[in-house]
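One-letter residues, chain by chain:
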Amino acid sequence: MYSMHDFVPVIPEMFLFGMACVILLVDLFLTEDTRNWTYSLSLGTVIGTGWLVFRMFGQPDTVTFGGMFIADGLAHLLKLAACVTTAVVFIYSRDYLKIRNLLKGEFFVIGLLALLGMMIIMSAHNFITVYLGLELLSLSLYTLVAMDRDAPVASEAAMKYFVLGAIASGLLLYGMSILYGLTGTLDVAETASVLRNLDHDNLALVLGITFIVAGLAFKLGAVPFHMWLPDVYHGAPTAITLFVGSAPKLAAFALFIRMLVDPLSAAQVQWQEMLIALAVLSMAIGSIVAIAQTNIKRMLAYSAISHVGFILLGILAGSPEGYQSALFYTLTYVLMATAGFGMIILLSREGFEADKLDDFRGLNDRSPWFAAMMSFVMFGMAGVPPFVGFYAKLSVLWAVIAAGYTWLAVAAVLFAVISAYYYLRVVKLMYFDSVEKSAQIEAPGDIRAVLSINGLALLALGIFPGSLMAICARVMGL
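Colleague: What's the story with the layout of surface pockets in this structure? I'm lost.
Modeller: It is the rolling of a water-molecule-sized probe over the atoms that shows where space remains empty. Taken as a whole, the largest pocket encloses approximately 530 Å³ of empty space. Listing elements by their share of the lining of the largest pocket, those giving two or more residues are helix H4 (73-99), helix H15 (320-347), helix H20 (445-463) and helix H21 (466-475). Top contributing element to the lining of the largest pocket by residue count: H4, with 6 residues. Looking at the lining of the largest pocket, its residues break down into 16 nonpolar, 4 polar and no charged.

In structure tokens, the structure reads:
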């Protein structure tokens, strides 16, 4: 029997799920003219969930529900970041969806359920809990990508995402079953304990790790499991792309920690070698193929693949400092990606998608302020100081060098230099090119305000990175 004390760590998830059900019922009685109630309730739910998570910061680590659920510093930080990101996504998306007749209650309800799946993953302490959270998140994302049923390109992207995602889930589940056969348990802590006494060259163990790494690599979008990512980013409406390309990256990082680092720390050598290949391939393919893109959403998709390579570098370092740098990189990348796709939404209007690189020509003539915000995003992703992307890359490189992989750090710097070309190309288009006819930016004030804060945060965290780094170090046990 569970006591009330067991339910306390799960209060944010219970509140989120309860409100998602309430909003689903309320939306049935709303018309198109009163749909803003769904938006307001959903935004309030995300803010309330974030507040409940924030109240738990500083409390001792707690494992509840028979070892299925853990509430620790890492889970709290990732959940809070996911809530903030989801709230920003809702704010950016409302008018974009409304203009295209896509402002439906389903978007917000499914978004809340996707957030719930992320939070379950972040607190998972058992392989079953990991898989339940992952499936809830994945099914929600498949549905969101296919939400615009009248767009063939969106339906095609959703079908590819669904089929490839099902294969990846099968790989992950098969890897779990192999580990269960070896250890006799699905608990993360017990699995780690059993594997310490197991021969690490055991063929079944290596096979299980291989399947798990393959499944995780798909969820993060690492090469060679990246084929879904450019098509989904390009095919889905920009508001959906914004959601898919931001908050789920936090859950993907949690997946690596909960499924690879925590239970398989004793077999670190085996999965390190696999991550080295994934990291190098991701940085290479992401950096080089992005140069050929003329669609900015596809460019940002390959950019995401390159950034995934840097995140994997931090994880494969296999040290607390490496995990801290990977966490810091993930948080800052999500912040940059949110601002990047937010800029596309800002420039979009009825009947026009600002998803081509040429759509950013002469932006400085129309709006010097938002041209500066987009420059902050591009400089941050390129790793130019003093923006936060520079310190994210630097922390990962230091961790990799400290782990003895100097050649990996050199390769990462090389690919970062290559990727700087297509980021700076966007800056060049905004400031040095012009167009004969330029439309005015029609976005409402709330989007302008939040996007400005989002962009300025990239500069502020770059100038003062110590506070966020200290938080990342504390939750990773440093």
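Colleague: What am I meant to see in the packing of aromatic side chains here?
Modeller: For any pair of aromatic rings, the description consists of the separation of the ring centres together with the inter-plane angle of the planes. For the structure shown, the criterion picks out 17 aromatic pairs. Measuring from ring centre to ring centre gives 5.1 Å for Phe107 and Phe108, while their planes differ by 80°; the resulting arrangement is edge-to-face. A relative accessible area of 1% means that Phe107 is categorised as buried. Overall, the relative accessible area of 0% leaves Phe108 in the buried class. An aromatic cluster is built from Tyr142, Tyr161, Phe162, Phe218 and Trp228, whose rings are joined through pairwise contacts. When the ring centre of Phe310 is taken as origin, the NZ or CZ atom of Lys393, which lies over that ring, is 4.9 Å away.

Colleague: What is the right way to look at the pattern of salt bridges in this model?
Modeller: Side chains that differ in sign of charge can pair as their charged atoms come close. Counted under the stated rule, the structure contains 14 salt bridges. Here Arg258 ties to Asp72 by a salt bridge, and the two come within 3.0 Å at their closest N and O atoms. Placement of the pair is Arg258 in helix H12 (residues 247-261) and Asp72 in the loop between strand S2 (69-71) and H4, with a sequence separation of 186 residues. The residues Arg258 and Asp72 share a single accessibility class, namely buried.

Colleague: Would you explain the packing of helix H18 (residues 388-402) against helix H19 (residues 406-432) in this entry?
Modeller: Angle between the axes and distance between the axes: these two values describe a pair of packed helices. Packing of H18 against H19 leaves a shortest axis separation of 7 Å and a crossing angle of 155°. What the angle tells us is that H18 and H19 run roughly antiparallel. Our pair here, H18 against H19, has a crossing hand that is right-handed. Contacts between H18 and H19 involve Lys393, Leu397, Val400 and Ile401 from the former and Thr406, Leu408, Ala409, Ala412, Val413 and Ala416 from the latter.

The rules behind the values
Residues numbered from 1 in each chain as written. Predicted model: local features only at pLDDT ≥ 70, side-chain atom pairs only at ≥ 80, totals over all residues. Heavy atoms only, no water. 1 Å grid on protein atoms, 1.4 Å probe; cavity = no way out; pocket = protein on both sides within 12 Å on 5 of 7 lines; lining within 4 Å. Points joined across faces, edges and corners; volume = space filled by probe spheres on them. Helix = DSSP H or I, 4+ residues; strand = E, 2+ residues; numbered from the N terminus. Nonpolar A, V, L, I, M, F, W, Y, C, P; charged D, E, K, R; others polar. Phe/Tyr/Trp six-rings, centres within 6.5 Å; stacked < 30°, edge-to-face > 60°. Buried < 20%, exposed > 50% of the residue type's maximum accessible area, 1.4 Å probe, protein only. Lys NZ or Arg CZ within 6 Å of the ring centre and 35° of its normal. Salt bridge = Lys/Arg side-chain N within 4 Å of Asp/Glu carboxyl O. Axes fitted to C-alpha atoms, helices over the stretch in contact; angles between N-to-C directions. Parallel < 35°, antiparallel > 145°, perpendicular 65-115°, else oblique. Left-handed = near helix turned anticlockwise from the far one by under 90°. Contact = heavy atoms within 4.5 Å.

The quantities given are spatial measurements derived from coordinates; they are silent on function.
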